[in-house]
Structure formats: C-alpha cells, structure tokens
Protein chains: 2
Amino acid sequence: MWRDRRFLDLVGIEHPIVLAPMAGYVGPALTIAVSTAGGLGSVPCATLSPDAARAEISVIRQQTDRPLNVNFFCHMQTPPDLVRDAAWQARMAGYYAEYGIEPAPASPSGQLTPFGEAMCALMEELRPRVVSFHFGLPEARFRQRLKQVGCLIIGCATTVREARWLQAEGVDAIIAQGAEAGGHRGMFMSDDVTTQVGSMALIPQVVDAVTVPVIAAGGIADARGVAAAFMLGASAMQLGTAYLRCPEAKTPAAYRAALAAGADDATALTNIMTGRPARAIVNRVIRELGPMNAAAPAFPGAAAALAPLSANPKAGASGEFSGFWSGQAARLARAIPAEELTLSLARETLARLAG
Amino acid sequence: MWRDRRFLDLVGIEHPIVLAPMAGYVGPALTIAVSTAGGLGSVPCATLSPDAARAEISVIRQQTDRPLNVNFFCHMQTPPDLVRDAAWQARMAGYYAEYGIEPAPASPSGQLTPFGEAMCALMEELRPRVVSFHFGLPEARFRQRLKQVGCLIIGCATTVREARWLQAEGVDAIIAQGAEAGGHRGMFMSDDVTTQVGSMALIPQVVDAVTVPVIAAGGIADARGVAAAFMLGASAMQLGTAYLRCPEAKTPAAYRAALAAGADDATALTNIMTGRPARAIVNRVIRELGPMNAAAPAFPGAAAALAPLSANPKAGASGEFSGFWSGQAARLARAIPAEELTLSLARETLARLAG
C-alpha cells in the first residue's frame, strides 16, 4: 500500500502522517483521533509539568494503545536579564496605554524548563514508542536512558548540517523542517533566519545526507503535499497547521478565524513573540516591532511583555498581540474531525501516488 | 507518457522542463541543448539590446526550429537619485581602499530598459512561441500585439495575489516562483521578502487560484523535485541553478566552484547586488551590508558601486563582491551536458512517478 515503509515499520503505525506536537493547541482528543486513524499522535509536553504530562498521557492511554510521540523542548536556558526585559517591556508602553493596561514591574522573564531528570524518569516509567525533541537534543545520558527502555528518539533539523549532527548523535529518525512550517523553527546550530531552507530544497538534501528515515514538515497541508514529500524521498510527513482547525484542536476562536482567512503570504518568521524565531500570522505588533527584533529577550522571555496584551479582552480578541502560529499552507487546512482528516489524507495521497 | 499534458500541448514541447532564462549565464548553446532534448529553451533578453537579441535568436534558430521562450524584465524605471547613489558608493569606501580601487565619481546609476516598443516590434517580427516576463507585465497594448502574432505570454508570480492578477490580465501560463529560487524574485505587488512563500506551500495554492497551467520554480534541481512539483499540481517545472554547472552555461569558474561547494543554507535573499531582492550565495559584502539594506539604490542601480570590486582581479576572483545567484538546491545540480541533463530529468521523473 505505502511504497516507503521505513518509518511505518520502525514506529508501528499504519499511515505516514505525524501530528505536529503543537504545545497549547494539541490536547488528548486530537492525539487520540490521529492515533486511532493510524497516524502517529503526538503529545506536546514542552510546557507541561511532569504531573500534567503524566495526566495527559494517562487520558490518551485510556482511549488507545497505539504508539505515541511525546515531545519536549531542549533549548539552552539563559540567565535572567532584567535590563533587557525592562527595555523590551518599555517598547510596549504605547500599547499598554492604548488599552489602559497597568504593566507589572519588570520581573525575571518566564523560564521554561527544558527536558531533564524529572521528565526523563517519567518517560522511563511510561515508555512511549517515540520521544522527540525540538531545538536540538538533551544530554547523551538522558538519551541513553530513553533508548534503554525502548523509546525511539526523533530530532528536528532545519539544515543539512543539523541533520548530520542529529544522525551522528544516534537519533532514529529526523524531521526536516522546511521554512514554510508554522511555529518555532527547530534551528539549533544557527540563529540566522535569512538562510533557512524551503521544503522543496531541504527534504532531498537531508535525505541524501543521512541514512535514517526522514519526516518532512513545512508547507504540507493536503494530500498533494504528502505525495510531493514522498517524491522528495521522505518516509513520513508531519502536519501541524492542517490540524489546527479540527474540532478536537484547542485553537481559540480568534485564532481559528485568522487561519480560515489565511493567505499564502500572511505569515513571517518572528522572534518577538517568544524570543526564538517562529512562523506566525503577521499582526500589528509583528508589523510594528518585527518581524525580527534584536532587542527581544531570550526564549521564552519575550512573551512576558506581550502577555498582558494578549490577556486583555479587547487587545487579545483583536489577535494583534497574539502569536497565531501558522505555516504557509493554512489555506489548505480543512475544518473537519481529525480522524476523518487523517484517513482522507492517507486515501487521497495513495490515489495521487497511484496516478 | 506525461500525465499532465496541459503545458506540453499548449507550447508544443515533449518534456515539461523549462530552462530558466538566467540573464548573463544562458547563451545559445544552453538554449539549443534544452530545446533539442525536448524541453523549453529560454532566451534571456532582459539585458540585451534589440540587435543583440536578434543575433542571439538567429544563432539559435540556425540550430533548432523548436519552440522558444524569450524573456524580458518589465520593472518600473525610477528617476536617477544621485544622492542615494553617492551614499551607497560611500559605503564601499573601505573595500575600495582595501583593493586600491579609485572609484569613479558618482554618476546616475545604470539604467536597464524594460520591455517596450523596440523589443515588441522585434518579437512581432521573430514570433517566438513564448514571450515571458519577470517583475510583472508590460502594458496591455504590447501584450495585445504579441498575442496577435501568435505568441503565448507567461508571467511570474511569487504569491497567490500576483497569480490571480496575472490570470486576470490574460496570461497563458503562470510561473509559481517559490522562495527557494535563485536569482531575482519576480515579486511585483509587494517588496517584503519576509512573507515570500516556499514552493511546497505556494504551488498548490496557485494551482487552486488559477485555471491556466502552472509552472513550478524554486528548489527543483533533480527528478525528485520535478516529480514533487507534479504531485503539487504543476504542469511544468522551470529549473535554473540545475543548469548553471552544465558546460554550455556561461558561468565563470569562480561561480561554478561556489555552486559546487553550495550548501543548502549557503544563500539568502539580498537587495544589495542590484537593488531588487534576489537569492545569491552569501559572501562577504552580503554578510557585511545585507542581506537586505534599505539604503541600496533602486534596481538596477545598486550594482554600480559593486562593479569596480567584482571587476577587480583580486576582489572579483574571491567571489566576495559578486552576485552568484543560486537557489537552495545547488547541491543537487550536476556538471553534465544540458541535453543529457534534460533527458535524464525527464526519464528519472517518469520512473519516479511510475513508482
């Protein structure tokens, strides 16, 4: 049925469709739906505590015993920089005044704990089929422990150089994240967005550079993209934006509306939302302060100054201060249940490949 | 043999491979080779005088009677701006000093005549099968005259909005130029490079938006890319960088060497070489003054200040001051004769599509 079975057989799934682990927007219902359809359901744990991650995975496992992909961030943490944070907050003064917001005094910007001991112990206990990482890989000792309990490890590359490094570090599969992809760039060997590579060029070059299966991501939102990625040599495809309009996604109404209206050229790579480059729908604050701004605090600190704006009823509802992550193919996404979407992606891709 | 025959039948060619009309690097030998192999040979006339264009086409027609695509720029000309030109030249002072170059006094920056009366009259006389335009379209009266003598007209879009406009203006086919493409972006309804769209996302959205055949360009340099573009709904593919290492290309040695060494992330969109955004291999001057610089004179004026550097034996040979245009898939290009390359692209694509 599928010509390339490398990733399917490795992970033990039916269709080569991976749900992108979109932190904050993928909950158990979406994960379960994709897994039930035979794709690989993902559990974004980057912003969860170990207890919350345990609860999330437990809910999923009550509904399905199919393979799961549990995803973490492994960014470098940077020391607090109150001066930088205060300067960034000062840039928002006009917006705060416009919406009558009294900003909290600058405090050490929010930290986000990367994958470490507690999550590693939890994974050793829960043993998901796949543990995947964004922004590089955690220390080798953690990866060894995951491998010892039978987890497969997947890393994300935005360049051939990153893909080669991931393979040398022993990952079992590599996501090739083309520049079209929504959300945070997985880049970890460069912070230069001007040289990021589109899927059409990146996928075959990563396929040529490594021997492990390659999962294509970026700009793929219907069967045409899935089939195209196969032609480029990918063994599976990771889709994110395509699932954000499914009823199971936790996407708020304003975000759904922005996606539904999404034009091909509505997004840009911006670092002003969190401090790391991510593709989002261009809004007022991105136009006025970005898309890239060297003054933005380090990840995830830049988010703190925007938080009171996106939480404000009026400013928040406008979408002009929120990070509405989106890939460049949002227009191709369909507002249908995720199981139906996954099955139709598989069916339509097979028909397209058969000619 | 080919499933999608729309472009093939429209133009009267055998294989859906279009040679990108790379001004300065495509001469008759390369055009003839691609046409002879059954692709669409292109004749870049953007930088030629009508007499030179006539001579070029005459040489080609002595060797082949296959359809030809004659390409022009139709940029808006801007009035001379000596102050801006002088300021830009002043930015090069350190480089001039380093190489002992005595810069000429600032003079009105070089002008490049867009398609107009003289070229239109020449096309009416020579009647190539296809006349294609970059940077928009010329006035309707010129297009009517071309259509009256039987020429097909092709325009280039970098967004869905540009594609819709081109179709409304009556073009016969549309190039969807993904952000991976080397050389000048065809963009004409926006000058914002941060929202330019990758091929994987752009091609299906353009296909959905128009009824004329779509020619995919950007990041395609081997049979995998050609097959992928078919899956996305394109009827033909335009390849440029893939042909730059062919012996028939007029690519200088230093440029060939840079392409041969080309990594996936070696290029960026820059306006410092000519004043318009174009994808080039990142070199010293792009790193130090770009990649985008708001002070660069309007197209093609920015080139004047760099000319003495690229013409200098030492600075020029280093490649650090030259616009070495390249797409993001240069690594996939092969240094083989163009007829062999075209035929093998066709053969390998058909094999790939057959599974």
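Note that this is a predicted model, so its numbers are computed, not measured.

**Topic: the interface of chain B and chain A**
Turning to step 1, where the next piece is worked out: Contact residues are listed per partner, giving 45 residues for chain B and 45 residues for chain A.
Turning to step 2, where the next piece is worked out: A combined buried area of about 3,400 Å² lies between chain B and chain A, and 56% of that area is made up of carbon and sulfur atoms.
Turning to step 3, where the next piece is worked out: At the junction of chain B with chain A, the criterion picks out 2 salt bridges.
Turning to step 4, where the next piece is worked out: We note a salt bridge from Arg224(A) to Asp208(B), for which the minimum N-O separation is 2.8 Å.
Turning to step 5, where the next piece is worked out: Seen at the junction of chain B and chain A, the total is 18 residue pairs in polar contact (both at pLDDT 80 or more).
Turning to step 6, where the next piece is worked out: No other element matches the 9 residues that helix α9 (residues 199–209) of chain B contributes to the side of chain B that touches chain A.
Turning to step 7, where the next piece is worked out: Grouping the amino acids of the side of chain B that touches chain A by side-chain chemistry returns 21 nonpolar, 14 polar and 10 charged.

**Some details on the packing of aromatic side chains**
A ring pair, where both rings are aromatic, is described by two values, the distance of the centres and the angle of the planes.
Turning to step 1, where the next piece is worked out: Under the counting rule described, the total for this entry stands at 26 aromatic pairs over all chains.
Turning to step 2, where the next piece is worked out: Here the aromatic rings of Phe115(B) and Phe133(B) are separated by 5.0 Å at their centres, their planes lie at 75 degrees, and the arrangement is edge-to-face. Taken together, the residues Phe115(B) in the loop between α5 (93–98) and α6 (117–126) and Phe133(B) in strand β4 (residues 130–134) connect sequence positions 18 residues apart.
Turning to step 3, where the next piece is worked out: Phe115(B) sits in the buried class, given a relative accessible area of 7%.
Turning to step 4, where the next piece is worked out: Through a chain of ring-to-ring contacts, three or more aromatic side chains come together here, namely Phe72(A), Phe115(A), Phe133(A) and Phe142(A).
Turning to step 5, where the next piece is worked out: The ring of Phe142(A) carries the charged tip of Arg141(A) above its face, separated from the ring centre by 4.3 Å.
Turning to step 6, where the next piece is worked out: Sitting above the plane of the Phe299(A) ring, Arg276(A) keeps its charged end 5.9 Å from the centroid.

**Here we look at the confidence of the model for chain A**
Turning to step 1, where the next piece is worked out: Here chain A averages 96 in pLDDT, while 99% of its residues score no lower than 70.
Turning to step 2, where the next piece is worked out: Note on the complex model: pTM 0.98, ipTM 0.98.

**Observations regarding the pairing of strand β10 (residues 267–270) of chain A**
Residues and elements named next belong to chain A.
Turning to step 1, where the next piece is worked out: Residues of β10 alternate between two faces, with Thr267 and Leu269 on one and Ala268 and Thr270 on the opposite face, all of them buried.
Turning to step 2, where the next piece is worked out: Sheet topology places β10 next to strand β11 (residues 278–281); 4 bridges connect them, and they run antiparallel. Looking across to β11, one finds that threonine 267 is bridged to isoleucine 281.

**Description of helix α15 (residues 338–354) of chain A**
Each α-helix turn comprises 3.6 residues. Residues three or four places apart therefore point the same way.
Turning to step 1, where the next piece is worked out: Between its first and last C-alpha, α15(A) extends 24 Å over 17 residues, near the 24 Å set by a 1.5 Å rise per residue.
Turning to step 2, where the next piece is worked out: Among all positions of α15(A), only Ala338(A), Leu341(A), Thr342(A), Ser344(A), Leu345(A), Ala346(A), Thr349(A) and Leu353(A) are buried.
Turning to step 3, where the next piece is worked out: On the buried face of α15(A), the contacting elements are β1 (17–19), α2 (28–36), α10 (223–231) and β9 (236–239) of chain A together with α10 (223–231) and α15 (338–354) of chain B.
Turning to step 4, where the next piece is worked out: After α15(A) finishes, the residue Gly355(A) shows a positive phi value of roughly 90 degrees.

**Some remarks on the relation of the copies chain B and chain A**
Turning to step 1, where the next piece is worked out: For the pair chain B and chain A, the superposition axis carries a translation of 0.0 Å, the fit reaches an RMSD of 0.0 Å, and the rotation angle comes to 180 degrees. Those values place the two copies in the arrangement expected of a two-fold rotation axis. Identified as the residue of chain B closest to the rotation axis by C-alpha distance is Ala228(B), at 2.0 Å.
Turning to step 2, where the next piece is worked out: The overlap is high: 100% of the interface residues of chain B also sit at the interface in chain A, so the same surface is used on both sides.

**Focus: unusual backbone geometry**
Turning to step 1, where the next piece is worked out: In this chain, Phe299(A) is followed by Pro300(A) through a cis amide linkage whose omega measures -5 degrees.
Turning to step 2, where the next piece is worked out: Looking at the element boundaries, Pro300(A) is found in the loop between α12 (284–289) and α13 (303–311).
Turning to step 3, where the next piece is worked out: A cis geometry characterises the amide bond from Gly290(B) onward to Pro291(B), with omega recorded as 5 degrees.
Turning to step 4, where the next piece is worked out: With respect to the secondary-structure elements, Pro291(B) resides in the loop between α12 (284–289) and α13 (303–311).

**What to know about the packing of helix α6 (residues 117–126) of chain A against helix α7 (residues 140–148) of chain A**
All names here are of chain A.
Turning to step 1, where the next piece is worked out: Two elements in contact, α6 and α7, have axes whose closest approach is 9 Å; the angle formed by their N-to-C orientations is 10 degrees. The orientation of α6 with respect to α7, classified from their angle, is roughly parallel. Where α6 approaches α7, its residues Glu117, Cys120, Ala121, Met123 and Glu124 are matched on the opposing element by Phe142, Arg145 and Leu146.

**Description of the environment of Ala330(B)**
Residue and element names in this part refer to chain B.
Turning to step 1, where the next piece is worked out: Assignment of secondary structure puts alanine 330 in the loop between α14 (313–318) and α15.
Turning to step 2, where the next piece is worked out: Alanine 330 gets classed as buried once you look at its relative accessible area, which sits at 4%.
Turning to step 3, where the next piece is worked out: Taking C-alpha positions, alanine 330 is 33 Å from alanine 90, a pair spaced 240 residues apart along the chain.
Turning to step 4, where the next piece is worked out: Look past the residues within four positions of alanine 330 in its chain and what remains in contact with it is Thr241 and Leu259.

**What to know about the pairing of strand β8 (residues 214–217) of chain A**
All names here are of chain A.
Turning to step 1, where the next piece is worked out: Here β8 shows a buried face lined by Val214 and Ala216 and a second buried face lined by Ile215 and Ala217.
Turning to step 2, where the next piece is worked out: As defined by bridge partners, β8 adjoins β9 across 3 bridges and the pair is classed as parallel. Across the sheet, the residue bridging to alanine 217 is glutamine 238, located in β9.
Turning to step 3, where the next piece is worked out: Remark: the β8/α10/β9 crossover connection has right-handed handedness.

**Description of the state of the cysteines**
Turning to step 1, where the next piece is worked out: All told, the structure shown has 0 disulfides over all chains when counted by the stated rule.
Turning to step 2, where the next piece is worked out: Cys156(A) takes part in no disulfide bond, and the closest cysteine sulfur, belonging to Cys74(A), lies 10 Å away.
Turning to step 3, where the next piece is worked out: No disulfide involves Cys246(B); its sulfur sits 20 Å from the nearest other cysteine sulfur, which is in Cys45(B).

**With respect to the side chain of Ser322(A)**
Residues and elements named next belong to chain A.
Turning to step 1, where the next piece is worked out: By secondary structure assignment, the location of serine 322 is in the loop between α14 (313–318) and α15.
Turning to step 2, where the next piece is worked out: Judged by its relative accessible area of 11%, serine 322 is buried.
Turning to step 3, where the next piece is worked out: Not counting residues up to four positions away in its chain, the partners in contact with serine 322 are Met273, Asn283, Ser310 and Gly316.

**Details of the sheet that holds β9(A)**
All names here are of chain A.
Turning to step 1, where the next piece is worked out: Pairing is parallel in the open sheet, where 8 strands are placed in the order β1-β9-β8-β6-β5-β4-β3-β2. Pairing within the sheet leaves two strands with one partner each, and these edge strands are β1 and β2 (41–44). Neighbour-to-neighbour, the strand axes of the sheet open up by a mean angle of 25 degrees, direction not taken into account.
Turning to step 2, where the next piece is worked out: Sitting on the sheet, α2 touches β1, β2 and β3 (68–73), and the angle it makes with β2 is about 160 degrees.

**Quick word on the sheet that holds strand β7 (residues 183–184) of chain A**
Turning to step 1, where the next piece is worked out: Spatially, 3 strands are ordered β7-β11-β10 (chain A) in an open sheet, and the strand pairing comes out antiparallel. Strand pairing shows two members of the sheet lacking a second neighbour, β7 and β10 of chain A, which therefore form its edges.

**Some thoughts on the pattern of salt bridges**
Turning to step 1, where the next piece is worked out: Counted under the stated rule, the structure contains 30 salt bridges over all chains.
Turning to step 2, where the next piece is worked out: A salt bridge links Glu348(A) to Arg334(A), with the nearest nitrogen and oxygen atoms 3.7 Å apart. Separated by 14 residues along the polypeptide, Glu348(A) in helix α15 and Arg334(A) in the loop between α14 and α15 bring together distant segments of the chain.
Turning to step 3, where the next piece is worked out: The exposure class assigned to Glu348(A) is partly exposed, which follows from its relative accessible area of 32%.
Turning to step 4, where the next piece is worked out: Looking at Arg334(A), the relative accessible area reads 31%, which means it is partly exposed.
Turning to step 5, where the next piece is worked out: A salt bridge links Asp9(B) to Arg5(B), with the nearest nitrogen and oxygen atoms 3.1 Å apart.

Scoring rules and cut-offs
Residues numbered from 1 in each chain as written. Chains lettered and ligands numbered in written order. Predicted model: local features only at pLDDT ≥ 70, side-chain atom pairs only at ≥ 80, totals over all residues. Heavy atoms only, no water. Contact = heavy atoms within 4.5 Å. Buried area = accessible area lost by both parts, 1.4 Å probe. Salt bridge = Lys/Arg side-chain N within 4 Å of Asp/Glu carboxyl O. Polar contact = N/O pair within 3.5 Å; in protein donor to acceptor, adjacent residues only side chain to side chain. Helix = DSSP H or I, 4+ residues; strand = E, 2+ residues; numbered from the N terminus. Nonpolar A, V, L, I, M, F, W, Y, C, P; charged D, E, K, R; others polar. Phe/Tyr/Trp six-rings, centres within 6.5 Å; stacked < 30°, edge-to-face > 60°. Buried < 20%, exposed > 50% of the residue type's maximum accessible area, 1.4 Å probe, protein only. Lys NZ or Arg CZ within 6 Å of the ring centre and 35° of its normal. pLDDT = per-residue confidence, 0-100. Pairing = 2+ DSSP bridges. Expected span 1.5 Å × (residues − 1). Least-squares fit on C-alpha atoms with pLDDT ≥ 70 in both. Axes fitted to C-alpha atoms, helices over the stretch in contact; angles between N-to-C directions. Parallel < 35°, antiparallel > 145°, perpendicular 65-115°, else oblique. Right-handed = clockwise from strand over helix to strand, strands pointing away. Disulfide = S-S within 2.5 Å.

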